[in-house]
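# Inside the fold
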Amino acid sequence: MIQMTHLQKLEAESIHIMREVAATCDNPVMLYSIGKDSAVMLHLAIKAFYPAKPPFPLMHVDTTWKFREMIEFRDQRMRDLGLDLIVHINEDGVAQGVNPFDSGSRVHTDVMKTQGLKQALDKYGFDAAFGGARRDEEKSRAKERVFSLRSDEHRWDPKNQRPEPWRLYNTRKRKGESFRVFPLSNWTEGDVWAYIAQEKIPVVPLYFASVRPVVERDGALIMRDDERMVLREGEEVQNKMVRFRTLGCYPLTGAVESTAATLEDIISEMQASRSSERQGRMIDHDGAGSMEQKKQEGYF
Amino acid sequence: MSIPQRISAKDVHASQAPQLLRFITCGSVDDGKSTLIGRLLYESKSIFEDQLESLDKDSRKFGTQGAELDLALLVDGLAAEREQGITIDVAYRYFSTPNRAFIVADTPGHEQYTRNMATGASSADLAIILVDARKGILPQTRRHSFIVSMLGVRHIAVAINKMDLVGFDRAVFAQIEADYRVMAASLGFESVRFIPVSALQGDNVTTRSAATAWYDGPTLLEHLETVDTQTAAELDAPLRFPVQWVNRPNLDFRGYAGTIAQGTVKVGDEVSVVPRGRRSHIARIVTADGDLQEASAGQAVTLTLTDEIDVSRGDVLIGVVDRSLPRRDLRVRLLWTVDRPLISGARYLLKLATSTAEARVDLHQAIDIHSFTSSPARELAMNGIGIAHLTLDRMIFAADYRQTRDLGGLILIDRITNETVAFGLVESGPDDEPQRSLAEKAHALGLFVAGSLFGNPSEPLERSLADRLSWAVTGAIILGAVVYVISGNAALSFGVAAIDFVVRPVLRLFHRRLVLAVLDWRALRKSEDLADGGGI
C-alpha cells in the first residue's frame, strides 16, 4: 500500500473526473483561460489521457482585453504541446464597441465573456465544458458541483443540482442541456502553486514580480497594457515592481506590489498574505451574492 | 476563558502537508455548526482580510452576534441561506495545518436534507457530531450518527458545544458522553472521541481552554490532525480496478484507464476480467510520469494486459485470488433523494463504479432512523431509508459497501427526468453468498420453484402463493367432483384432479415465460442505446 500525498490525491481525483467526461459525454471541450488554474488543468488533462492526447479540443473565449503577454504565452504553449486551440470572440460585442472602460465591468464581462462563451458552446455544439474554477475561490462556488448541469439556456439553478456521492457522477442529460465540469473543485490556491512548482508547469510571466507601467485608479493598480487605456485627469503612469495573483482582462485586474520573482517567493508571499486572490478582481465586488447571480446567468 | 492563539502564518501552507483528512460536520440549525467551521477557518488563517471585510458588512446586516463578527456567515454561501440563517446545500471548505490538509463537508442538519448529509459522509474519513451541551442527545443526534454510520464513516468526534452556557460543568459533559456511548453502541464506530468546546468563544477548538481544567484530551484540531483513519483491512485486500476509459491512441497501444478501487496491482500479476470471465496478466502500469512497478488504491493509472482480449468500460479487473462473482441481484440499503416516493417494483437506471444497468427495485423494508428499527414497506418517501432488492438486466461486478466503497456505492437515475433518485449501498456482496446456510438456500430454492409455478410476480411471494395455491386446490376439487358425478369412479376423479393441480400451473408458467421473453426482447431492442453505457 502506497501512502499518497495530499497533492497526489487531488491529482488522481481530477484525472478521474476528466476520464469520466471523456467516457460519457459526446462532445466535450476544455475552456483554457491562460491563467495558473488553466495551466494546471491542461497539465492534468495531458496526464489523464497519456499516451493519447486529450480527446477534446481546447477553447479560449477572448474578450480582446487580455494582457498581451497572456496571448503570446497561449500561442507559444499550444505550439509547444502540439494542441489545437479554438479562439472565440463575440463579434457582436466588438461591433457594438463594448469595452471595460465605457461599458463598465459588468456589461463588458456579461457581453464579452458570458455571452461569448454561450455563443461558442452553441456554435460547436459542446455538451460538456471543463473549467478551472475552484470551490475555495468564492462562497457560492463552495456549493458548486463537480458536474454542474446547465439548462439549454446555459442557466445554473442552485436549487436543482444533483447530489454527488462517492466518485459517482450522474452524467445523463437531455438534448440541449450541458455540463460545466470542474476538475479542480477541491484544489486551493496553495495547492495550485505547490503543484506548479512540483510539476514545473510553465505559467504566464505576469505572475512574477517585475517593473511594470501601472496607473492608480479607484484604489487599484491597473497596468497600462496598451494605448486603449486613456489616462484621466491627474493620473500618471508609474513604473512599479508588481505582480498579479489572478489574470483576466487587464483593465479589470489589479496588480499587487511585490518583489516575488520566483515560485518559491510567490508561495511564501501567499502564505503570509492576508487578502484573497479574487480581491484584485473588480467584477466580484458588486455586492454579496453577485457571483451567485452571475453564475445563474451562465458565467462560469 | 481561553485566549485564542492564532496558528502562525507559516503553518498554513496546504500543500506541504503530506496527508489529507476529509471530514463532515453534523449538527442542527442551532448547534453552532457553521460557527465551529468559521472558527476553524478563522483560527487557521484560511480567511482573508477582504473576506473578513465583507463578513463585517454581512454581520451587521444578517448577523446574530450584534456588532461582533458572526463567524457562521463565513460559510453560509447562498444568498437564500444568509437571509434565512440556515445551511441548505453541501458546502466544501478547505484549511490546513503543517501536518494535514482538510476538506470539510459542511452539511445541513434538517431531516429534509438527509441526502446532503449522506453526500458529505460518502467520502468522509471522520464525522464531527455537534451536541448542544444544554440539550444533550436529541433525536437528530441519533439520526446524524445513524446516517454517517450507514455511509461507512468509522471515526467520530463528538463536539459538545456551548459549554460556556452550562458553566463548563464536567458533570454535564460526562452525562452526554455516557448517553452517547449507549446510543451509538450498535453503530459500529471504531473510535469515538468526546471534546468539550465553545465554538463561539473558541474553547478547545484550536487552543486548550483554561475553563476545562478537568479535561485532559486533545483540542478538536489536535484530534483532527492526529487521528488515524487508515484501516488495516485496506492494506492487503485483492485488486479491484473498474475500467473507466479505454485508451487507444494507435493500433500498438491498448490501455485501460481507471482509478484503483481496492488493493494493489503489480506488473506480472494475473487478473480476471469480470463479468467477461477472461484472464490475463498485467503487462504495464502506465502513467505520464513513467511506468510503475506497482500501484494501489486511490491511484489513477492506465493498465495494459499481456493478451489481446476484449475489455471495455464497466468491466472490472480483479486479482485472481478474489473469488467474487458478477451478479444480477443485489440486496441494497437505499436512501431515497427526491420528492416523488419510491413505489416498489419501479425500474431505474443504476450506476455503480463505471458500470450501468437497468434495475427493478423491490422494496422490502423501511428503516426508522430514530429508533434504528425496520418494518415492511411498499413505499419510500424523500429521505427515507429502506432495504430493497435490485434485479438487473445484466451482470455487473459489485462488492459489499463496507468492503469497497467505490464498488458498493451506487446511484439510481430516473430515465425520464435524469434525476438522481436514490443512493444505494450494497449489503450482500458476492462474498457474502457462501455464508447463507443450507437451510436458507433450500428455503430460497423452494420459494423460487413454488413462486415460478404459482406466484404472481407483481405481488409479494408469500401472499401470491397463498392466493394461487388455494385457487388451484379449489379448481382441482371442483373438477374432481364434476368427473365423479359423470363417471361415478372415485379413483379416476381423484387422478384427474391431481393432474389438473400439477399440469395447469406448469402450462401457465411456460405460457408466462414465453410472453415475458417476448416483452423483454422488445424492451431490450428499445434500450439498445444503453449497451455502451447509455451516456452514463
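Notes on the structure in this doc start here. (Residues numbered from 1 in each chain as written. Chains lettered and ligands numbered in written order. Predicted model: local features only at pLDDT ≥ 70, side-chain atom pairs only at ≥ 80, totals over all residues. Heavy atoms only, no water.)

## What to know about the overall build of chain B
Applied cut-off: The numbering of helices and of strands both runs from the N terminus, where a helix is a DSSP run of H or I of at least 4 residues and a strand a run of E of at least 2. Residue burial is assigned from relative accessible area. The probe radius is 1.4 Å, only protein chains are included, and a residue is buried under 20% of its type maximum, exposed over 50%, and partly exposed in between. Contacts were defined at the residue level, with two residues in contact if any of their heavy atoms lie within 4.5 Å. Only the protein chains shown count as covering a residue, and every accessible area follows the Shrake-Rupley method with a 1.4 Å probe.
When you go through chain B residue by residue, the secondary structure sums to 12 helices and 24 strands. Residues counted as buried form 53% of the 536 residues belonging to chain B. Across chain B, every contact between residues at least 6 apart in sequence was considered, and the portion connecting residues at least 24 apart equals 70%. Looking at chain B as shown, the accessible area adds up to about 23800 Å², and 56% of this sits on carbon and sulfur atoms.

## Some points on the sheet that holds strand β6 (residues 178-181) of chain A
All names here are of chain A. Selection rule: By this definition, two strands are paired if DSSP reports at least two bridges between them. Axes here mean lines fitted to C-alpha atoms, for a helix over just the part in contact, with angles spanning 0 to 180 degrees between N-to-C directions.
Taking strand neighbours across the sheet as the criterion, the six strands line up as β3-β2-β1-β4-β6-β5 in an open arrangement whose pairing is mixed. The outermost strands of the open sheet, each flanked by one partner alone, are β3 (85-88) and β5 (147-150). On average, adjacent strands in this sheet sit at an angle of 30° to one another, irrespective of strand direction. Sheet topology note: the strand β4 (residues 128-130)/β6 ladder contains three bridges and is parallel. The residue bridging Phe-130 from the neighbouring strand is Val-181, located in β6.

## What to know about the sheet that holds strand β15 (residues 316-319) of chain B
Residue and element names in this part refer to chain B. Read across the open sheet, the seven strands follow the order β7-β15-β11-β12-β14-β9-β8; overall the sheet is antiparallel. Edge positions in the open sheet fall to β7 (240-242) and β8 (245-250), since each of these has one partner strand only. Ignoring strand direction, the axes of neighbouring strands in this sheet form an average angle of 40°.

## Some remarks on empty space enclosed by the protein
Using the following cut-off: Throughout, the protein atoms alone are placed on a 1 Å grid, and a set of points is a cavity if a 1.4 Å probe fits but cannot get out or a pocket if it is open with protein on both sides within 12 Å along at least five of seven lines; lining residues have an atom within 4 Å of a point. Grid points are joined across faces, edges and corners, and a volume is the space filled by probe spheres set on the points. Only Asp, Glu, Lys and Arg are considered charged in this grouping, and only Ala, Val, Leu, Ile, Met, Phe, Trp, Tyr, Cys and Pro are considered nonpolar; every other residue, Gly among them, is considered polar.
On inspection of all chains with the given rule, the structure shows six cavities of 30 Å³ or more. Of the pockets and cavities examined, the second largest cavity occupies roughly 160 Å³. Taken together, 14 residues make up the lining of the second largest cavity; nearest its centre are His-16 and Arg-167 of chain A together with Pro-242, Ala-353 and Asp-406 of chain B. Of the residues that constitute the lining of the second largest cavity, the class distribution is six nonpolar, four polar and four charged.

## Concerning the side chain of Asp-203 of chain B
Residue and element names in this part refer to chain B. Cut-off, in case you're wondering: Note on charges: Lys and Arg go in the positive column, Asp and Glu in the negative column, and His and the chain ends are not counted at all. One side-chain nitrogen of Lys or Arg within 4 Å of one carboxyl oxygen of Asp or Glu is enough to make a salt bridge. Polar contacts, as used here, are pairs of N or O atoms within 3.5 Å; protein pairs need one atom able to donate a hydrogen and one able to accept it. Residues neighboring in sequence count only if both atoms are side-chain atoms.
Along the chain, Asp-203 falls in the loop between β6 (191-196) and α7 (220-226). There is no salt bridge for the buried Asp-203, and the closest opposite charge comes from Arg-39, which lies 7.7 Å off by N-O distance. A polar contact is formed between the side chain of Asp-203 and the side chain of Ser-209, at a distance of 2.7 Å.

## What to know about the pairing of strand β9 (residues 238-243) of chain A
Residue and element names in this part refer to chain A. In terms of strand pairing, strand β7 (residues 210-217) meets β9 through five bridges, oriented antiparallel. Across the sheet, Val-211 pairs through a bridge with Met-241, a residue of β9. When β9 meets strand β10 (residues 254-257), the two strands line up antiparallel, connected through two bridges. Directly across from Arg-243, in β10, lies its bridge partner Val-256.

## With respect to the packing of helix α6 (residues 189-199) of chain A against helix α7 (residues 263-272) of chain A
All names here are of chain A. Heads up, the rule is: Working definition: roughly parallel below 35 degrees, roughly antiparallel above 145 degrees, roughly perpendicular at 65 to 115 degrees, and oblique for all remaining angles. Should the near helix be turned anticlockwise from the far one by less than a right angle, the crossing is left-handed, and should it be turned clockwise, the crossing is right-handed.
Where α6 meets α7, the axes come as close as 10 Å, and the angle between the chain directions of the two elements is 165°. When the interaxial angle is binned, α6 and α7 end up roughly antiparallel. The handedness of the crossing between α6 and α7 is left-handed. Residues Glu-189, Gly-190, Trp-193, Ala-194, Ile-196 and Ala-197 of α6 form the contact with α7, whose own contacting residues are Leu-263, Ile-266, Ile-267 and Met-270. In terms of residue class, the contact of α6 with α7 is built from eight nonpolar, one polar and one charged.

## Comments concerning the pattern of salt bridges
Enumeration according to the criterion identifies 44 salt bridges over all chains in this entry. Close ionic contact of Asp-406 of chain B with Arg-167 of chain A constitutes a salt bridge, the shortest N to O distance being 3.1 Å. Taken together, the residues Asp-406 of chain B in helix α9 (residues 405-408) and Arg-167 of chain A in the loop between β5 and β6 connect one chain to another. Relative accessible area serves as the criterion here: at 32%, Arg-167 of chain A is assigned to the partly exposed category. Each of Glu-11, Lys-47 and Glu-199 of chain A together with Asp-289 of chain B takes part in a single network of salt bridges with overlapping partners.

## As for the packing of helix α4 (residues 114-122) of chain B against helix α5 (residues 139-150) of chain B
All names here are of chain B. Viewed as axis vectors pointing N to C, α4 and α5 meet at an angle of 45°, and their least axial separation amounts to 9 Å. Classified by the angle their axes make, α4 and α5 are oblique. Here α4 runs over α5; the crossing is right-handed. Seen from α4, the contacting residues are Thr-114, Met-117, Ala-118 and Ala-121; seen from α5, they are Arg-143, His-144, Ile-147 and Val-148. Residues belonging to the contact of α4 with α5 are distributed by class as follows: five nonpolar, two polar and one charged.

## Here's the deal with a nonpolar patch on the surface
Which entries qualify depends on this criterion: For patches, a residue must show more than 30% relative accessible area and have no salt bridge; joins then use 9 Å for like charges and 5 Å for nonpolar side chains, namely Val, Leu, Ile, Met, Phe, Trp and Tyr.
Together, Ile-478, Val-482, Val-485 and Ile-486 of chain B make up an exposed nonpolar region whose accessible area comes to about 440 Å². Tracing the sequence through the fold places Val-485 of chain B in helix α11 (residues 461-487).

## Remarks on the environment of Gly-277 of chain B
Note on placement: Gly-277 of chain B falls in the loop between β11 (270-274) and β12 (278-286). Taking the C-alpha atoms as reference, Gly-277 of chain B lies 45 Å from Ser-96 of chain B; in sequence the two are 181 residues apart.

## Regarding the side chain of Ser-14 of chain A
Residue and element names in this part refer to chain A. The topology assignment puts Ser-14 in helix α1 (residues 6-24). Classification of Ser-14 as buried rests on a relative accessible area of 0%. With residues near it in sequence (within four places) discarded, Ser-14 still touches Leu-44, Pro-183, Leu-184 and Trp-187.

## Details of α4 of chain B
Here α4 of chain B lies mainly inside the structure; nine of its nine residues are buried. All of the buried residues in α4 of chain B are Thr-114, Arg-115, Asn-116, Met-117, Ala-118, Thr-119, Gly-120, Ala-121 and Ser-122 of chain B.

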